Amino acid sequence: MREAHPIERAVGIDHYVSDAEGIGGRLRDRPADFRVTELEAFDAEPVDADVGAYPHLVVRVTLRNWDTNDFASTLSDRLGVSRERVSWAGTKDKRAVTTQLFSVKDVDPDDLPEVDGAEIEVVGRAGRPVLFGDLAGNRFEITVRETERPDAAAAVTDDLRAFAGAEEVDAGSDGATDGAATVGVPNYFGQQRFGSRRPVTHEVGLAILREDWEGAVMAYVGNPHEREPERTQEAREYIDETRDWQGALDRLPRSLGYERSICHRLVDNGGDEPADFRAALEELPSNLQTLFVNAAQSSLFNRILSERLARGLPFDRPVEGDVVCFSDRDAPEGLALPDPDRTQRVSGERLRTVDRHCERGRAFVTAPLIGTETELADGEPGEIEREVLSEAGIEPSDFDLPGEWHSEGTRRAILVRTDLGVERDGDVVSFAFDLPKGSYATVLLREYLKRDPEAL
C-alpha cells in the first residue's frame, strides 16, 4: 500500500487505498469549484402556519465564500436578534458554494435582510430549530484544475471500485469513467477534524482523557509546528521552555485568541497546580472543549481503520467478531445512511447472512467512537480495537468526565460508498458524488490528488 502523507499519519491515516499515481492539481481555485448541497431530512410546515405553534422560520441559503458561523452571526446582527436564535444542520467549508438549511426563531419572512454572497429562500415554518441530526448527507460537485496526470483518474477509480467490492470500471482512454462508478474508501475523519496546518486537537483531547491537564494546555498553547508563521513558532517555543504565561501574552499573536485566553487565566491563577490548568481549559468555548474529545475519538477511530487495512481485513463485508449497524429506514431515497443505534454482533452462524446484507447496502461494518458505553468487537476486529486503545493509554471509562468532556460513544461505519461521476476536460477533472452525513469529501479526493492535505 502507498504510504500516506506524514501529516495524515499523525492523525491515524496511514495509507492510501489506491496504489495508483495521483492526478495532482489545484482544489478550491475558486469558490464555484467546490459546490455542496445538503441532502435534507427535515420537514417544514407552510410559511403561513401558526407562528405560535411553529415559531422557527426555515430558510434554504446558498452561500458563496462564507463561513457558516460567520454567516449565522451576520444574519443575527442584521435581524437584531440573539445569535442563539439561528441554527443549522451542518457546518460547511468557507471557500465553496454551499446550499443548506437554517432556522431563525421568532422572525417573519419580510424581516430577512439582503446579505452579499448569500441567496436566501424561505422554505416554511417549524416547531423546533434545524439541528445537526436533520442533515442526511451532502451532494458534492468538485472541480480540480491544473492536474499533472489527469489520465491517472481511471486507475484510481479501478482501485476504489475493487475496495468497495464492485466490478472494475470501464474507462475511456482519456481517464474519464463511463457514467457513475460505485467506489469506496475508508470512512476516515478528514484532516480538517484535527487541523490541516497544525493537527493538535486530538492530542489535547487525549491528554484531557488521561486527566493530564498541564499536558493538554501545553499541547494546545505550546507545541510549535513547522507550518506556522515564524513568530507563532517562536512564541510556542518560549512557552515550552519557560512556562512564563505573562511572557507568553507578550509574544503570542493577537489572532491566537483561544491560546491567549488560556494564558490570561494561568496568569490569574498561578499555573502551578493541575487544577489551574484545568480551569484554564474550561475558559474555552464549550464547543471547542467538546471538539477536543471528539478529535481524540476520531484519531482512535482512524487508527483502528488503518490497522484493519494493514492486516488486509475487508471493509465491505464483515468477519467473525465484527459489529455491524443497519441502514436508516428514514434516509432519503438513493442514500445509504448507516444507523448506529441499530447494531448486531456478527457470529460465525450469522456471517453469511450479514455478508449479504452488507453487499446489498442494508448493513455496514462498524468501528467504535470510544466512550463510556462502548462495547468492543470480538475476534480479530476486537483485538485491533483493544491494541489501539492500549497503545494510546485510553480506556472507555476515561470518557466519564464532567460537562463537555463526557461522551458515551457510538459506532461508525468503516466504509463509505458512493456512485462517483468523473469527467475530464484537458487538465481539468470534475467529480460528482453524494456522501452521508459525517463523511468527508476530502477523504475521497485525497485518493485522487495524493497531495499535501493542506492543499485539500
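Note: the structure precedes this text.
For every chain, the first residue of the written sequence is number 1, and numbering continues from 1 onward in sequence order. For this predicted model, a pLDDT threshold of at least 70 governs which residues receive local features, and a threshold of 80 or more governs which side-chain atom pairs are given and counted, while totals over whole chains, interfaces and linings are taken from all residues. Side-chain calculation: all heavy atoms of the structure are included, whereas hydrogens and water are not.

Q: What's the story with the overall build of the protein in this structure? I'm lost.
A: Under the scheme used here, helices are H or I runs from DSSP no shorter than 4 residues and strands are E runs no shorter than 2 residues, and both carry numbers assigned from the N terminus. Summing up its helical and strand segments, the protein has 13 helices and 14 strands in all. In summary, the protein has a C-alpha radius of gyration of 23 Å against a globular reference of 23 Å for 456 residues, a match within 12%. Summarising its shape, the C-alpha atoms of the protein cover approximately 65 × 55 × 45 Å along the three principal directions. Relative accessible area decides the class of each residue, using a 1.4 Å probe on protein chains only: under 20% of the type maximum gives buried, over 50% gives exposed, and in between gives partly exposed. Counting every position in the protein, which comprises 456 residues, the buried fraction comes to 51%. Methods summary: accessible areas were calculated by the Shrake-Rupley approach with a probe of 1.4 Å, and residue burial reflects only the protein chains presented. Total accessible area on the protein stands at roughly 20,400 Å², and carbon and sulfur atoms take up 40% of it. Taken together, the 55 basic and 91 acidic charged side chains of the protein have centroids lying 2 Å from each other. Two things to know: the radius of gyration comes from C-alpha atoms, and the globule rule equals 2.2 Å times the number of residues to the power 0.38. Under this rule, positive means Lys or Arg and negative means Asp or Glu; His and the chain ends count for nothing. Taken as the charge centre is NZ of Lys, CZ of Arg, CG of Asp or CD of Glu, depending on the residue.

Q: Which parts of the structure should I look at to understand helix H9 (residues 274–281)?
A: In an α-helix, one turn spans 3.6 residues; hence positions three or four apart end up facing the same way. Among the residues of H9, Asp276, Phe277, Ala279, Ala280 and Leu281 are the ones counted as buried. Residues count as neighbours in contact if any of their non-hydrogen atoms are within 4.5 Å of one another. The elements touched by buried residues of H9 are helix H4 (201–209), helix H5 (213–221), helix H7 (245–251), helix H8 (257–269) and helix H10 (286–310).

Q: How should I be thinking about the side chain of Ser18 in this particular structure?
A: Relative to the helices and strands, Ser18 is located in the loop between helix H1 (6–9) and strand E1 (26–27). According to the relative accessible area criterion, Ser18 is buried, its value standing at 0%. Engagement of the side chain of Ser18 in a polar contact is seen with the backbone nitrogen of Ala20, the distance being 3.1 Å. A distance of 2.8 Å separates the side chain of Ser18 from the side chain of Asp159, its partner in a polar contact. In contact with Ser18, not counting residues within four places along its chain, are Arg2, Val156, Asp159, Leu160, Glu447 and Lys450. Under the rule applied, a polar contact is a pair of N or O atoms within 3.5 Å (in protein, one hydrogen donor and one hydrogen acceptor; residues adjacent in sequence only if both atoms are side-chain atoms).

Q: I tried to follow unusual backbone geometry on my own but got confused; where do I start?
A: Peptide bonds are, in most cases, trans, and in most cases residues other than glycine have a negative phi. With a phi angle near 60°, Arg28 is a residue other than glycine that sits in the positive phi range. Using a relative accessible area of 15% as the deciding quantity, one classes Arg28 as buried. Here Lys450, not a glycine, exhibits a phi torsion of approximately 50°, which is positive. With respect to the element layout, Lys450 can be found in the segment after helix H13 (441–449).

Q: What am I meant to see in the nonpolar core here?
A: Within soluble globular proteins, side chains that are nonpolar generally end up buried alongside one another. Residues Phe34, Ile208, Ile262, Leu281, Phe431, Phe433 and Tyr448 are the most contacted members of the largest nonpolar core, which totals 97 residues. Looking at this core, the element that brings in the most residues is H10, giving 10 residues. Non-local contacts of Leu281, meaning those with residues more than four positions away in its chain, are made with Ile208, Trp213, Ala216, Val217, Ile262, Gln289 and Trp405. We call a set of buried residues a nonpolar core when its members are Ala, Val, Leu, Ile, Met, Phe, Trp, Tyr or Cys and they connect through side-chain atoms within 4.5 Å of each other. With 18 residues, the next largest nonpolar core counts Val59, Val86, Val104 and Val107 among its residues.

Q: Whenever I open this one, the packing of H8 against H9 confuses me. Can you help?
A: Any two packed helices are characterised by how steeply their axes cross, that is the angle between the axes, and by the distance between the axes. Note on method: axes are straight lines fitted to C-alpha atoms, helices fitted across the in-contact stretch only, with angles between N-to-C directions ranging 0 to 180 degrees. H9 packs onto H8 with a crossing angle of 145° between their chain directions and a minimal axis gap of 8 Å. The handedness of the crossing between H8 and H9 is right-handed. Of the residues in H9, those touching H8 at Ile262, Arg265, Leu266 and Asn269 are Asp276, Phe277, Ala279, Ala280 and Leu281. Considering only residue class, the contact of H8 with H9 consists of 6 nonpolar, 1 polar and 2 charged. Handedness of each helix crossing follows the sense of rotation of the near helix against the far helix: counterclockwise by less than a right angle gives left-handed, clockwise gives right-handed. Note on residue categories: nonpolar means Ala, Val, Leu, Ile, Met, Phe, Trp, Tyr, Cys or Pro, charged means Asp, Glu, Lys or Arg, and polar means any other residue, Gly included.

Q: I would appreciate a short explanation of the sheet that holds strand E11 (residues 363–369) in the present structure.
A: Sheet strands pair via backbone hydrogen bonds, and the direction of the pair is either parallel or antiparallel. Strand pairing is defined by DSSP finding a minimum of two bridges between the two strands. As summarised here, the arrangement of the 4 strands in space is E10-E9-E11-E12, forming an open sheet in which the pairing is antiparallel. The two strands at the open ends of the sheet, each matched to only one other strand, are strand E10 (338–345) and strand E12 (410–413). Taken pair by pair, the neighbouring strands of this sheet meet at an average axis angle of 50°, ignoring direction. Sheet analysis places E11 next to E12, joined by 4 bridges and oriented antiparallel. For Leu369, the partnering residue across the bridge sits in E12 and is Thr410. The sheet strands contacting H10 are E11 and E12, and the helix crosses E11 at an angle near 125°.

Q: Would you take a moment to explain the side chain of His202 for this structure?
A: Its location among the elements puts His202 in helix H4. Given a relative accessible area of 3%, His202 falls into the buried group. Here His202 is in contact with Ala10, Val11, Phe194, Ala295, Ala296 and Ser299, once residues within four sequence places are set aside.

Q: In this structure, what is going on with the pairing of strand E13 (residues 415–425)? I would like to understand it.
A: The side chains of a regular strand alternate, first on one face of the sheet and then on the other. Judged from the 6 bridges that link them, strand E8 (residues 181–186) and E13 form a sheet pairing that is antiparallel. Bridge assignment links Ala181 to a residue of E13, and that residue is Leu420. The pairing of E13 with strand E14 (residues 428–436) spans 5 bridges and is antiparallel. Its bridge partner lying in E14, Glu423 is registered against Ser430. The hairpin turn running from E13 into E14, its antiparallel successor, is 2 residues long, and Gly426 in that turn takes a positive phi close to 65°.

Q: Hey, could you run me through the packing of H10 against helix H12 (residues 379–392) in this one?
A: Relative to each other, H10 and H12 sit at 130°, their axes nearing to 9 Å. Looking at the two axes, H10 sits oblique to H12. Considering only the axes of H10 and H12, their crossing is right-handed. Across from Leu300, Arg303, Ile304, Glu307 and Arg308 in H10, the residues of H12 making contact are Pro381, Ile384, Glu385, Val388, Leu389 and Ala392. In this scheme, roughly parallel covers angles under 35 degrees and roughly antiparallel covers those over 145, while 65 to 115 is roughly perpendicular and the rest are oblique.

Any functional reading would require information beyond the geometric quantities listed.
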